[in-house]
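Structural description and commentary
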Amino acid sequence: MTEFDQEKTKALLTIDHIKVIKLQMEKALNYMGEENLRKLKDLRDNAEANPTDLFLFIENLHAQNQAFNFKDKFTQLEEFGYLLAEPYFSRIDLVNPADNHTDKIYLGKFGMPGIVTDWRAKIASVYYKYRYPQKNVVYDTEEGRVTRDLQLKRTFEFDNGELLKYYNNDIQLDENEIISNKIAKRTGGVLEDIVATIQESQMEIIEHDPRGVCVVQGCVGSGKSTVAIHKLSHIFFNYPSFIRPQNSLLVAKNQILVGYLSTLFPKLGIFDLNYGTLKDLLIRIVFAHEIKINLDLGNEDGMERIETATIHQLQKSVEEIKKGVEEQLEILEQNPLYASYFSFVYDSELSAQENIIMLMEDLEEEITYQKEKLDGGATGSFEMKCLTNIKSLKSLLREVRKVANKLRASVFPTLLKSFEINPKQKLGYKGALKYVYLYATVFGIPKFKKFEYCVVDEGQDFSLLEYLVLNKLVLRGRFCILGDLNQSYIKTGLASWEEVEEVITDAKERKKFELTTNYRSTKPIIDFACKIISNYTSNFLPQSINRKGAEVVEIEISPDTVVGEVFSHLSQDLKSLDKSIGIICYDRKDFELLQTLLEKNFRDTLKERLVVLNPKDCIFYTPKGVYLTMFENCKGLEFAKVYVVGMPKNPVDIFEAKKNYVAVTRAMNELVIFYK
């Protein structure tokens, strides 16, 4: 029997075992009822279905059947489905030099004890970090660090459960060619997992300790968004006791991007992660705490380039208020009438009002205790002492309430006024951010549970003020912030990654990573993109893996005929739609005309595969569809073929150059530009 036949037999036996366990799980799930299972299957199997609907349906069934632990069983069933198509993607052989014992370890997207090891297990890091043959490779275990000799590293290719081939990843193998071949098969339109092709630089980010700030400067197409979601999956697997998906957050600047990123969640076993925009979180906080302000978050006036000095002034002002409250309480503590009743210690980690509330609760508890003594029959001098204590405690409680009332009625309104915030008027986005930060620091937001971990995607587009607010919503500075300063065309964004340190101050540690290789686009597209921006900066330019492809097509055309010309090109593509196509418009008029033409001529044939990207709509992402979008909604997305409509040929400044750079790098394989 050849070595390939042996591997094929191993694969068949593994798949048979998975089928048996999956059948047992499905029988157990019959408990849920045929109608629920049918709806669940429809939501799961429909590639164009909204993932939010699936998550909500799972949550509902889990709530109704908690004793059955439905969520875990459904998650396992999902994993079995992926394992049947590809039971594992790699094998590593590790030899213990002490006794020459060899462990053959098969790595898969998900694990099955004794058969397949999960890619997130610590031992799997050997696959991502080393080439064979190599002695003294190291990896961590619960018992400590282990050293072994890597005797074999093998990668498999499956097609719907059938082993097609394998190749050995020795030092002679060009892994860039393997990655290029895999990327060439992708359609775009939805995110795909990269568990079989994670590079060492990406794995360092994924494995980095989540108890600190991790900043990733990733060039365009470096897979930073995909790495972020793989990092979340890795964290939930390895730190289940203190970082859980239901208490974690993925945040981006717009709903289109977070919806697009969510298409990868189920493929990595993530079903209950919080995801959205910071505006969503502001609304949740305001409603949960019944804060009487009117919001107009669509109004972003004044957000451009908020200076560090403004941030420092906000931080200084609230710290002065907290210090002032602490000093007022210390004065009460030093009063001989009250000194004996103070066991309270001011906690600088809490808001001013939360400290006051804690002290008031202590005093009320002591008053109750003294009253219980009286009710228990205290007499004589002991009775007098209890009565004196109650009188003094009530007097102290009144004084503390005065501090609380002054804080709300006088101190906080004065603070708002100093920052030109009028809560009686509608607050735009900038005013709302300032208000919520000040409110959270002075009064606290106890009805909003802090997130245990937060991923910020396209982090270069967030302002310092937005990071200041986010830091109030996340425990101990546990952030992974990913972005690319070369894509920072929004003037409200960061000038440098070092600015983040000004506002995220309580992290255990900080580490910055850099991803320099573009895996998304062909070499002609990358070369074209670099020419656009290299006139303004030489920093963070992407390095190509030299994936071959067609040259970029550039067409200069009259504004009056551009829409018709684009539509003519599209008509040829749509004769056989086997990939994703993105149409990125700079001009609203072009966008609306193309939308009318596409709706009229192709809606009946394309149906849900014609996707018009609008932040206010629920988007159904599909791997083989036509996506029409305004430029401002395209960041973070990728398509096999891209038409850029109305792009200025000669950018007037770095911000316009960055816009063009972002637009053209949405393309994976083909790029057509219509200049106006």
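Residues numbered from 1 in each chain as written. Predicted model: local features only at pLDDT ≥ 70, side-chain atom pairs only at ≥ 80, totals over all residues. Heavy atoms only, no water.

As named in an unreviewed UniProt entry, the protein is UvrD-like helicase ATP-binding domain-containing protein.

Details of the nonpolar core
In this structure, Leu 94, Trp 119, Tyr 128, Ile 229, Leu 250, Leu 671 and Ile 673 are the most contacted members of the largest nonpolar core, which totals 87 residues. Element by element, the count of residues in this core is highest for helix H8 (residues 224-238), at six residues. Setting aside chain neighbours within four positions, we find Ile 229 in contact with Leu 191, Leu 250, Leu 261, Leu 264, Phe 265, Leu 268 and Ile 270. Membership of the second largest hydrophobic core comes to 79 residues, among which are Leu 397, Leu 415, Tyr 429 and Leu 468. (Core = buried A, V, L, I, M, F, W, Y, C linked by side-chain atoms within 4.5 Å. Buried < 20%, exposed > 50% of the residue type's maximum accessible area, 1.4 Å probe, protein only. Helix = DSSP H or I, 4+ residues; strand = E, 2+ residues; numbered from the N terminus. Contact = heavy atoms within 4.5 Å.)

Side note on the sheet that holds strand S19 (residues 639-647)
In spatial order, the strands read S15-S20-S19-S16-S18-S17; together these six strands make up an open sheet with parallel pairing. A strand with exactly one partner marks an edge of an open sheet, and here the two such strands are strand S15 (553-556) and strand S17 (610-612). This sheet shows a mean twist of 15° between the axes of neighbouring strands, independent of strand direction. Contacts from helix H17 (residues 562-573) reach S15, strand S16 (581-585), S19 and strand S20 (667-675) within the one sheet, and its direction differs from that of S19 by about 170°. (Pairing = 2+ DSSP bridges. Axes fitted to C-alpha atoms, helices over the stretch in contact; angles between N-to-C directions.)

Details of empty space enclosed by the protein
Counted by the stated rule, this structure contains one cavity of 30 Å³ or more. The volume enclosed by the largest cavity comes to roughly 30 Å³. Every residue along the wall of the largest cavity is listed here: Ser 201, Gln 202, Ser 222, Leu 515, Thr 516, Thr 517 and Tyr 519. Looking at the lining of the largest cavity, its residues break down into two nonpolar, five polar and no charged. (1 Å grid on protein atoms, 1.4 Å probe; cavity = no way out; pocket = protein on both sides within 12 Å on 5 of 7 lines; lining within 4 Å. Points joined across faces, edges and corners; volume = space filled by probe spheres on them. Nonpolar A, V, L, I, M, F, W, Y, C, P; charged D, E, K, R; others polar.)

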